[in-house]
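Per-entry structural report
Single-letter residue listing:
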Amino acid sequence: MFGKVKKVAVLGSGIMGSGIASHLANVGIPTLLLDIVPRELTSEEEKRGLTLEHPAIRNRLSIEAIEKLKKQKPAPLAKKENAQLIQPGNMEDHMELLGDVDWVIEVVVENLDIKKKVFTEVDKYRKQGSIISSNTSGISVEAMAEGRSNDFKKHFLGTHFFNPPRYLKLLEIIRTKDTSDEVMDFMRSFGEDVLGKGVVEAKDTPNFIANRIGTYGLLVTVREMLARGFSVGEVDSVTGPAIGRPKSATFRTLDVVGLDTFLHVAKNVYDQVEGGEKAVFDPPEFMKQMAEKGWLGSKSGQGFYYKKKTEKGSEILELDFATMEYVERKKLKAPSVQKSKQAKSKADKLKALVYANDRAGELIWNILKPALLYSAEVCYDVADSIRSVDLAMKWGFGWELGPFETWDAIGLEKSVQRMEEEGEAVPDWIKDMLEKGYTCFYKGFNEYFHNGEYVTAEVNPKVINIKAVKDGDNVVFKNSGASLVDIGDDIACLEFHSPNNSIGLDVMQMINKSVEEVGKNYKGLVINNQGKNFCVGANLMMILMEAQDMNFPEIDLVVRQFQKAMANIRYSSKPVVAAPFGMTLGGGTEICLPSASIQASLETYMGLVEVGVGLIPGGGGNKELYLRQIERLPEGAQIDLQAIANQVFETIATAKVGTSAQEAAQYGFIRPVDGISINGDHLLHDAKQKALHLYESGYQPPKRKKIPVVGETGYATMLLGAKQMFLSGYASEHDMKIAEKLAFVIAGGRVAKGTEVDEQYLLDIEREAFLSLVGEPKSQQRMQHMLAKGKPLRN
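Notes on the structure follow. Just so you know, these numbers come straight off a predicted model, no measurement behind them. (Residues numbered from 1 in each chain as written. Predicted model: local features only at pLDDT ≥ 70, side-chain atom pairs only at ≥ 80, totals over all residues. Heavy atoms only, no water.)

1. Let's talk about unusual backbone geometry
- Each neighbour pair has its own omega, and for Lys73 with Pro74 the value is -10°, a cis peptide bond.
- Looking at where Pro74 falls in the secondary structure, it is placed in the loop between α4 (60-69) and β3 (86-90).
- Here the amide bond leading from Asn163 into Pro164 is cis, since omega sits at 0°, within 30 degrees of zero.
- In this structure, Pro164 sits in the loop between β6 (156-161) and β7 (170-174).
- One non-glycine residue, Asn207, adopts positive backbone phi at about 65°.
- Its location among the elements puts Asn207 in the loop between β8 (198-202) and α9 (210-228). (Helix = DSSP H or I, 4+ residues; strand = E, 2+ residues; numbered from the N terminus.)

As structure tokens, this is what we get:
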């Protein structure tokens with residue numbers, strides 16, 4: 001029924017509207033961004049002699065919104081150039097342009113009457129068959145469509161994005177009684193495959209799924225804090241990763257979201273529900289006082305936390321809600337907190353807290369218990385299944401486990417028994433479920449409890465779960481650092497599972513073994529895992545310990561092994577496709593560069609960052625990045641070797657990191673022939689298809705060839721900029737020493753400009769430079785600082 005969405009209009013250029021427009025631009029869709037026409041000139045506009053009729057004034061709101069997108073952190077745009085796909089306009093002069101778009105998204109103020117007026121205008125100008133949606137966070141979608149044409153109603157739905165739209169995965173879609181099944185099916189597949197979202201169908205109830213349950217959980221936590229005398233910092237110290245929630249925990253999350261936004265969302269439910277539920281959605285008095293004072297969180301500079309500058313640097317203080325003053329931040333100390341940290345699995349971490357007889361256990365039980373019961377009570381009012389609820393909370397609020405997965409983790413029978421002993425009313429459907437012998441909500445990877453039985457979840461065929469594949473007895477071989485897994489269709493996947501997916505001898509051994517095995521028995525190899533990050537680089541702790549023990553022969557052996565493993569990837573007889581995501585730093589990038597192709601997640605943070613720990617890349621990264629710049633030039637083109645060397649030197653010397661796959665391409669880490677997956681859940685599938693395509697296209701590994709270098713004169717040219725930075729005080733003596741070693745390697749050593757050298761020669765001088773820097777006390781200080789503090793030391 002629907003073709004491709006070739007153009008979209010977003011009505012409303014506030015934070016959400018411009019954020020949605022930027023995400024559409026990130027995936028390559030030209031977008032019209034319209035807002036209201038200003039009624040007054042600013043003093044600056046008056047000075048410039050502009051009038052209210054000038055297009056720059058009439059389009060001011062959307063023009064300013066687009067400019068803000070280029071400066072915002074975290075960046076809404078995957079690269080700044082994407083802003084060129086967003087066309088500014090206004091809702092008086094440009095509504096006729098809606099006749100040219102395939103999807104109109106309304107993101108104006110949360111007021112039903114205003115939204116209905118906007119949709120009256122949209123109905124006049126839209127083309128038949130175009131999709132219309134509202135990004136409302138909780139107003140009735142059914143009520144918005146009243147009085148509209150039949151074609152409008154058939155193509156109308158709610159599309160609730162979460163802020164920021166680039167980073168938060170959840171997209172709730174909400175039908176009305178008139179929305180066609182074709183529209184819902186199209187938006188689900190378009191949302192997943194094109195926008196990269198996790199799409200959940202929600203019912204047309206106040207705040208839909210995630211905001212309804214998430215807001216309840218946050219307010220229950222605040223209520224418990226007040227009732228039991230906990231502090232803001234104490235609550236946050238145990239309601240983050242300890243229970244599978246984001247690091248921002250409870251109150252830091254509220255500071256990021258904005259207290260005004262949170263109170264608006266809470267009021268939306270408060271106005272539409274009754275009884276005990278209504279009381280929970282009435283925030284405590286001190287939160288209302290905070291809003292009156294303008295203490296809204298990050299956007300106003302203070303909220304539940306306040307960053308104060310002291311003589312020792314910045315100090316983060318917490319709000320004492322009794323005195324409304326900021327005091328030193330506290331952490332909750334209890335035996336169960338330590339026990340939870342030592343536990344291995346998510347379930348054991350949770351149980352260590354939930355069932356503990358101490359202050360932390362009391363707090364966690366008293367906030368989880370009502371949140372789980374509430375999720376069960378409203379589950380089928382807000383969604384079609386427990387799975388939809390769990391996915392919404394994971395994708396929208398960043399929970400590791402949804403409420404029903406959490407219930408399974410702490411033990412459904414045990415927890416329900418305790419709840420009933422404490423006088424709680426457990427929903428009948430859960431009691432019936434337990435009486436019939438169903439003691440958990442989930443079974444295996446894809447089965448969940450629904451309508452009295454376990455059913456198999458419908459999963460997008462583009463989602464490959466490595467853990468499920470491994471459980472199916474498909475591990476070819478493994479060691480402590482990595483596994484080779486048969487993922488079907490004669491493609492194998494090399495999965496890292498060392499701590500932080502760092503590279504040690506065990507991982508190098510598996511790379512070599514995997515390339516050999518794939519060469520004999522498979523069509524191709526994908527390097528991917530489904531941990532938090534692709535690979536954060538070499539095992540820095542091991543390198544530092546060996547260096548401090550003066551065991552340089554051992555380090556030399558490790559670097560040689562790493563270089564050999566990278567060469568095996570480059571010259572593998574079968575295509576090797578690297579599929580990076582998340583942090584792909586240092587050695588993680590070095591694994592990607594020699595591969596036949598890269599299929600990167602859009603959210604890939606990629607760079608050769610070794611200078612930050614006083615080193616240079618040691619696994620062939622310098623040579624590979626330099627080669628990539630040469631190889632991307634058309635055959636027979638005039639090569640400016642010095643310009644290439646300068647660019648590579650600057651990229652590595654300043655530790656440039658692409659904060660998206662698109663930005664990584666601008667730095668030369670990703671080539672135009674490589675691929676980018678917008679949906680991270682589809683990454684392994686996309687990489688597998690790329691490996692198959694390369695094999696079926698008659699893949700041949702590259703031939704070993706000599707590489708032209710800039711030599712001694714090029715070395716001097718590269719150092720000019722570094723010397724200028726040193727003389728201006730922007731670089732230290734040790735920075736200069738690292739720069740000299742790096743420039744020497746990229747220049748190809750003491751040879752004449754234009755000399756062609758072989759790869760092994762470049763690898764040898766790279767290894768020598770790496771080893772000499774490892775022995776430097778200041779480099780060791782940088783390594784130690786990074787391991788201890790997680791950030792670079794300037795010395």
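From this point on, the discussion continues.
2. Quick word on the state of the cysteines
- Counting across every chain of the model gives zero disulfides.
- Between Cys592, a free cysteine, and Cys535, which holds the nearest cysteine sulfur, the sulfur-to-sulfur gap is 8.3 Å. (Disulfide = S-S within 2.5 Å.)

3. Observations regarding the pairing of strand β5 (residues 131-134)
- With burial as the criterion, each face of β5 is covered, one bearing Ile131 and Ser133 and the other bearing Ile132 and Ser134.
- Pairing of strand β4 (residues 103-106) with β5 involves four bridges; the strand directions are parallel. Its bridge partner being in β5, Trp103 is matched across the sheet by Ile131.
- Chirality of the crossover, the property in question, places the unit of β4, helix α5 (residues 112-125) and β5 among those that are right-handed.
- Both β5 and β6 contribute to a ladder of three bridges, which runs parallel. Among the inter-strand pairings, Ser134 is bridged to a residue of β6, identified as Gly158. (Buried < 20%, exposed > 50% of the residue type's maximum accessible area, 1.4 Å probe, protein only. Pairing = 2+ DSSP bridges. Right-handed = clockwise from strand over helix to strand, strands pointing away.)

4. Remarks on the environment of Asn111
- Along the chain, the position of Asn111 falls in the loop between β4 and α5.
- When the C-alpha positions of Asn111 and Val27 are compared, they lie 30 Å apart, and in sequence the two are 84 residues distant.
- At 3.0 Å, the side chain of Asn111 and the backbone nitrogen of Ile114 are in polar contact. (Polar contact = N/O pair within 3.5 Å; in protein donor to acceptor, adjacent residues only side chain to side chain.)

5. Considerations on the packing of aromatic side chains
- Evaluation of the coordinates by the stated rule reveals 26 aromatic pairs.
- Arranged with centres 6.5 Å apart and planes meeting at 25°, the rings of Phe404 and Trp407 form a pair that is stacked. With a gap of three residues between them, Phe404 and Trp407 both fall in helix α19 (residues 403-410), about one helical turn apart.
- A centroid spacing of 6.2 Å and a plane angle of 40° characterise the contact between Phe496 and Phe534, whose relative ring orientation is tilted. Taken as a pair, Phe496 in strand β17 (residues 491-496) and Phe534 in the loop between β18 (524-527) and α24 (540-548) lie far apart in primary sequence, 38 residues in all. In terms of burial, Phe496 and Phe534 fall into one category: buried.
- Taken together, the ring pairs connect Tyr380, Phe404, Trp407, Trp429 and Phe441 into an aromatic cluster.
- A cation over a ring is seen here: Arg245 above Trp399, with NZ or CZ 3.6 Å from the ring centre.
- Residue placement shows Lys414 over the ring face of Tyr355; its charged tip is 4.0 Å from the ring centre. (Phe/Tyr/Trp six-rings, centres within 6.5 Å; stacked < 30°, edge-to-face > 60°. Lys NZ or Arg CZ within 6 Å of the ring centre and 35° of its normal.)

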